[in-house]
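Now for the letters of each chain:
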Amino acid sequence: MNPFSSGTRLRDMIRAIRTCKTAAEERAVVRKECAAIRAAVSDNDQEYRHRNLAKLMFIHMLGYPTHFGQMECLKLIASSGFPEKRIGYLGLMLLLDERQEVLMLVTNSLKQDLNHSNQYIVGLALCALGNICSAEMARDLAPEVERLLQSRDPNIKKKAALCSIRIIRKVPDLSENFMSPAAALLKEKHHGVLITGVQLCTDLCKASPEALEYLRKNCTEGSVRILKDISNSSYAPEYDISGIADPFLHIRVLKLMRMLGQGDADASDSINDILAQVATKIESNKNAGNAILYECVETIMGIEATSGLRILAINILGRFLSNRDNNIRYVALNMLMRSVVVDSQAMQRHRATILECVKDSDASIRKRALELVCLLVNDTNVKPLTKELIDYLEVSEEEFKGDLTEKICSIVERFSTEKLWYIDQMLKILSEAGSHVKDEVWHSLIVVISNAADLQGYTVRSLYKALQTSSSQIGLARVALWCIGEYGEMLVNGACMLAAEEPVTVTESDAVDIVEVALKCHSSDITTRAMSLIALLKLSSRFPPTSERITELIMQNKGNLELELQQRSIEFSNIILKHKNIKTSLVERMPVLDESTYMGRKEVSSQDVPAVKTSKTAPSEALLNLPNGVKKPPAVYMGDLLDLSSDDVPATKPSTNDFLQDLLGDLAVPVSSGAPLSGGSDILMDLLSIGSPIQNDSSLSNSVSTGAVNSSAVSSLASLSSLTSPSISVSPEASIVDPLRGMDQIKRQPPSTAPIVDLMDGLSNHVVSVAGSEKLDFLPITAFENNSLKTVFSFTKFPGRPQVTQIKATFTNKSLNSYTDFIFQAAVPKVH
Amino acid sequence: MIQFVLLISRQGKVRLTKWYSPYSQKERSKVIRELSGVILTRGPKLCNFVEWRGFKVVYRRYASLYFCMCIDGDDNELEVLEIIHHFVEILDRYFGSVCELDLIFNFHKAYYILDEVIIAGELQESSKKAVARTIAAQDSLVDTAKEQANSLSNMIVQATK
């Protein structure tokens with residue numbers, strides 16, 4: 001051997017790499033080899049070119065860069081011998097992909113090799129073309145491949161067929177040229193040619209509607225014949241897999257039949273019989289048989305099959321579902337997912353089995369089954385299904401609980417018809433997996449509770465019981481705290497008892513106890529603790545005897561390290577100690593939350609996700625300050641402030657109590673200057689409640705944008721806030737006000753902090769109503785009217801999206817005749 | 001359609017990769033890392049399918065090697081298991097009870113065989129014998145070419161003596 005040529009053999013290099021103990025050693029060996037190969041490349045060494053390329057491929061597989069070998073592939077392909085070409089094409093397929101420019105250089109060599117006299121060289125070229133050809137190469141070489149489809153050698157034919165598949169996937173326009181040669185392939189006897197031919201037909205059907213039409217006409221019978229022949233053929237060892245003749249061919253023909261029969265009654269009619277035969281004849285004890293049955297069921301579901309055949313398919317699925325092999329069950333679930341639209345009634349029969357699969361130990365199966373269950377839920381079965389799922393929630397693995405809880409909540413929300421059932425289910429979910437429940441889910445639960453006056457007593461008592469047993473579930477704790485704060489007296493006096501309810505005796509101090517536990521529990525987060533403080537404040541007025549203890553509890557947090565809790569604690573103790581006269585009205589029960597507004601806003605907030613982001617920008621500062629000014633309960637100078645804010649305020653009520661009453665009670669204050677008042681009152685109420693951070697953000701953006709557009713009320717709000725600031729700092733009540741100014745800071749924290757949320761919530765309510773009044777500016781117009789037709793346009797603007805106007809056109813037929821083929825055309829000027 | 005074929009050892013070493021859809025070098029190593037993390041950690045009795053980026057990866061373990069094929073969402077998973085087995089049986093016959101070392105030192109041969117089984121992400125031949133025949137024929141072509149080259153160089157050596 002020439003000692004100066006690239007030294008080691010392939011085998012030796014692999015061995016050297018394998019003996020390396022560390023990655024660094026391996027890199028050293030590879031670097032040395034690569035250097036030698038590079039040298040050989042630049043010397044244009046011919047003798048060892050193929051060996052060098054083989055080495056490069058191995059190095060490539062280890063993940064090292066090998067681009068310098070790409071040209072070597074081309075050189076090897078261009079050489080005349082078979083061994084060189086073989087390794088050259090292999091290198092081409094491994095080291096390059098269709099996106100590399102270098103690939104274009106090989107087109108000419110490929111063309112020559114496709115016309116070579118040696119069938120194996122033609123085979124190599126077809127294989128390379130089939131694996132990596134680009135759209136341009138496909139166009140250039142399609143005629144060659146088309147010609148080779150008619151070759152006499154089956155080996156070339158099958159490779160050409162697969163190559164054609166690649167070509168039509170890259171350039172669907174070429175489908176036309178391949179239609180008739182593809183159809184001709186189905187008349188062959190050689191299985192390789194049949195398999196690839198059938199696959200080519202399937203791909204043609206996908207690629208072009210004309211091809212589908214052509215093949216439907218010319219190949220339906222042919223495919224039936226192929227399937228008949230193999231399923232009736234005697235034992236052929238060459239193609240036999242566990243007792244079945246060529247399952248691969250079976251499956252491919254079934255796939256083609258699905259394409260041909262889809263949406264075509266005639267074609268479906270001619271394949272029904274053979275499908276029935278396959279479905280009944282194939283044994284299902286081996287994987288190969290099951291693979292065929294699986295494909296067969298899918299074809300039956302895909303075509304216009306007879307009802308008998310459908311039942312047969314559903315039964316096969318049922319057998320699959322109860323199989324003990326996980327693979328089989330997985331595909332059965334997969335199949336059910338797809339056929340649930342075809343025949344949901346039949347699917348319902350397998351509900352129990354599917355539910356079992358939700359509890360499987362295999363994550364792939366669990367995921368499929370859970371999705372399927374959600375598709376199966378309807379009004380009649382929602383109760384038993386939910387019960388099953390909730391029962392399972394108790395024992396499921398921790399990492400699966402998140403998914404499961406989300407799905408159950410969505411089912412319960414979607415299908416609940418009665419509030420009691422909804423509340424019951426949510427309580428169960430909260431007690432089992434309260435920590436996995438999303439914020440908006442428990443927010444809407446609270447909205448529902450607030451609207452169900454007759455169930456509030458029952459709910460608060462059940463929550464109390466649940467919280468005693470599972471206090472670590474965050475979601476549960478929050479809902480329970482809110483309800484205990486709001487409906488504390490119902491907990492104690494047992495009001496609104498339901499017939500089936502077990503009576504409980506809860507004393508006032510028991511109620512305070514449980515809130516105290518939540519406040520002090522180490523696992524509670526800030527929001528939960530803040531909510532406990534609010535609940536305590538509310539209870540202090542509901543249960544006067546416990547007032548002292550509550551004051552003490554609240555005072556304990558005056559020095560809390562969390563700014564949020566400290567603020568609340570200081571505010572609340574001030575309210576309790578210094579403002580007894582207003583406390584009762586201040587902590588009154590929340591007004592009933594409006595369900596429809598809540599749901600509406602929920603939708604808006606889910607649509608306007610980008611708007612949420614932009615809301616945290618500078619202009620919001622001014623608005624954010626606003627609550628500070630308006631909120632201050634002692635209203636001696638409040639009147640002044642309001643006077644300052646807008647000149648057209650008639651006369652602010654001078655008496656403190658009256659004013660507050662007004663603030664708390666009458667929400668329907670006249671629009672323009674009264675707006676700050678109603679906003680303030682909401683704020684006051686909401687401050688003491690929980691809120692929904694996400695909506696707040698979006699409604700905030702609403703308020704910002706409407707403010708920017710025109711609303712004078714909003715700008716006056718902004719000026720109000722700036723005017724209030726100085727008076728706040730000198731006011732004797734600074735201790736109340738100042739903590740609230742911290743809201744600005746908190747606002748930048750994660751959105752779960754309740755108070756700002758509500759401050760803004762109230763504000764947005766008001767601003768939205770301003771936006772609502774703005775709607776009136778766009779009166780409906782009559783766009784067209786004669787004695788037979790009237791067209792009226794009405795307009796809606798969405799707050800937060802001033803550039804969007806929704807126009808609703810109402811057409812009224814004033815004549816006695818009925819209109820048909822009515823066409824409405826509108827010309828709109830282009831605005832850039 | 002099969003998107004790609006991967007052979008990974010239990011230690012996570014790549015033994016063979018074949019890509020039927022374009023993936024850049026960077027994506028390739030990312031895919032391999034991601035999938036070996038998922039597949040190698042799955043328990044023995046679980047199903048052989050993993051859902052991944054909208055595709056499905058069908059895998060099957062033979063001794064220390066995992067054979068993985070990534071397929072489209074609507075392909076037949078059970079059939080792909082058979083294709084994997086089909087490929088393994090052909091390898092087995094060719095090498096005579098194949099082991100991981102065969103595939104390391106003769107990786108190019110494994111690729112040649114794969115090219116006779118799958119082209120363009122579709123199955124090419126359902127007969128193991130037919131594959132064995134074409135591979136054997138091509139191997140013998142290579143051998144004759146080598147012999148000729150050897151005898152030629154011998155002749156040159158003798159002539160120049």
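Conventions adopted
- Residue numbers restart at each chain and count upward from 1, following the sequence in its written direction.
- The order in which chains are written sets their letters, starting at A; the order in which ligands are written sets their numbers, starting at 1.
- Given that this is a predicted model, residues contribute local features only at a pLDDT of at least 70 and side-chain atom pairs are listed and counted only at 80 or more, while totals for whole chains, interfaces and linings are drawn from all residues.
- Side-chain metrics rest on all non-hydrogen atoms present in the structure, leaving aside hydrogens and water.
- UniProt positions are given in the numbering used here, feature names are shortened, and annotations may be inferred rather than shown by experiment.
- The helix and strand labels rest on DSSP assignments: H or I over at least four residues marks a helix, E over at least two residues marks a strand, and numbering proceeds from the N terminus.
- Here the term buried applies to any residue with accessible area under 20% of the maximum for its type, exposed to any over 50%, and partly exposed to those in between, with areas from a 1.4 Å probe on protein chains only.
- The contact criterion used is simple: two residues touch if any of their non-hydrogen atoms lie within 4.5 Å.
- Per-residue accessibility takes into account occlusion by the displayed protein chains alone, with areas from the Shrake-Rupley method and a 1.4 Å probe.
- Summed over both partners, buried area is the accessible surface (1.4 Å probe) that two parts give up on being assembled.
- By salt bridge we mean one thing: a side-chain nitrogen of Lys or Arg within 4 Å of a carboxyl oxygen of Asp or Glu.
- Here a polar contact is recorded for every N or O atom pair within 3.5 Å, except that within protein the pair must consist of a potential hydrogen donor and a potential acceptor, and residues adjacent in sequence are included only if both atoms are side-chain atoms.
- Only Asp, Glu, Lys and Arg are considered charged in this grouping, and only Ala, Val, Leu, Ile, Met, Phe, Trp, Tyr, Cys and Pro are considered nonpolar; every other residue, Gly among them, is considered polar.
- Whether two strands pair comes down to DSSP finding at least two bridges between them.
- Fitted lines through C-alpha atoms serve as axes, helices being fitted only where they are in contact, and the angles separating the N-to-C directions of these axes extend from 0 to 180 degrees.

An unreviewed UniProt entry lists chain B under the name AP complex subunit sigma, from Platanthera zijinensis. Listed in UniProt under the heading Function (unreviewed entry), the comment for chain B reads: "Subunit of clathrin-associated adaptor protein complex 1 that plays a role in protein sorting at the trans-Golgi network and early endosomes (TGN/EE). The AP complexes mediate the recruitment of clathrin to membranes and the recognition of sorting signals within the cytosolic tails of transmembrane cargo molecules." Under the UniProt heading Subunit (unreviewed entry), the entry covering chain B gives this text: "Adaptor protein complex 1 (AP-1) is a heterotetramer composed of two large adaptins (gamma-type subunit and beta-type subunit), a medium adaptin (mu-type subunit) and a small adaptin (sigma-type subunit)."

Chain A is annotated in an unreviewed UniProt entry as AP-1 complex subunit gamma of Platanthera zijinensis.

Comments concerning the overall build of chain A
Counting its secondary structure elements, chain A contains 42 helices and 5 strands. Every one of the 832 residues in chain A was classed for burial, and the buried ones make up 55%. At a minimum sequence separation of 6, the contacts of chain A that also span at least 24 residues come to 68%.

Some thoughts on the overall build of chain B
Across its full length, chain B carries 5 helices and 7 strands. When the helices and strands of chain B are placed in sequence order, the string is β-β-α-β-β-β-α-α-α-β-β-α. Counting only residues that meet the buried cut, chain B has 57% of its 161 residues in that class. Summarising the internal contacts of chain B: among those between residues at least 6 apart in sequence, 45% fall at separations of at least 24. Summing over all exposed atoms, chain B offers an accessible surface of approximately 6800 Å²; the carbon and sulfur share of this is 55%.

Quick notes on the interface of chain B and chain A
Taken together, the contact between chain B and chain A spans 63 residues of the former and 68 residues of the latter. Here chain B packs against chain A, burying approximately 5800 Å² in sum over the two surfaces, 55% of which is carbon and sulfur. Taken together, chain B and chain A are joined by 9 salt bridges. Put simply, E51 of chain B and R368 of chain A hold a salt bridge, and the shortest N to O gap is 2.9 Å. Our count for the contact surface shared by chain B and chain A stands at 25 residue pairs in polar contact (both at pLDDT 80 or more). Among the secondary structure elements, those contributing two or more residues to the side of chain B that touches chain A are β2 (14-19), α1 (25-39), β3 (49-52), α2 (77-95), α3 (100-105), α4 (107-117), β7 (122-123) and α5 (128-159) of chain B. Ranked by the residues each element gives to the side of chain B that touches chain A, the list is headed by α5 of chain B, at 12 residues. Taken together, the residues that form the side of chain B that touches chain A break down as 28 nonpolar, 14 polar and 21 charged.

Topic: the sheet that holds strand β5 (residues 65-71) of chain B
An order of β2-β1-β5-β4-β3 (chain B) is seen for the 5 strands of this open sheet, with the pairing classed as antiparallel. With one partner strand each, in any of the chains shown, β2 and β3 of chain B form the two edges of the open sheet. Mean inter-strand twist for the sheet, computed between neighbouring axes without regard to direction, equals 20°. The pairing of strand β1 (residues 2-9) of chain B with β5 of chain B spans 7 bridges and is classified as antiparallel. If you follow L6 of chain B over to β5 of chain B, its bridge partner there is C68 of chain B. Contacts between helix α17 (residues 326-339) of chain A and the sheet are confined to β3 and β4 (55-62) of chain B, with β3 of chain B contributing the most and set at about 45° to the helix. Lying on the sheet, α2 of chain B is in contact with β1, β3, β4 and β5 of chain B; it crosses β4 of chain B at an angle near 40°.

With respect to the sheet that holds strand β3 (residues 781-785) of chain A
All names here are of chain A. Overall, antiparallel pairing links the 3 strands, which are arranged β3-β4-β5 in an open sheet. What marks the edges here is a single partner per strand, and that holds for β3 and β5 (801-813). Ignoring which end each strand starts from, the neighbouring axes of this sheet average 25° apart. Relative to β5, strand β4 (residues 789-798) is paired through 10 bridges, and the arrangement is antiparallel. Residue pairing for β5: V792 is matched across the bridge by T810.

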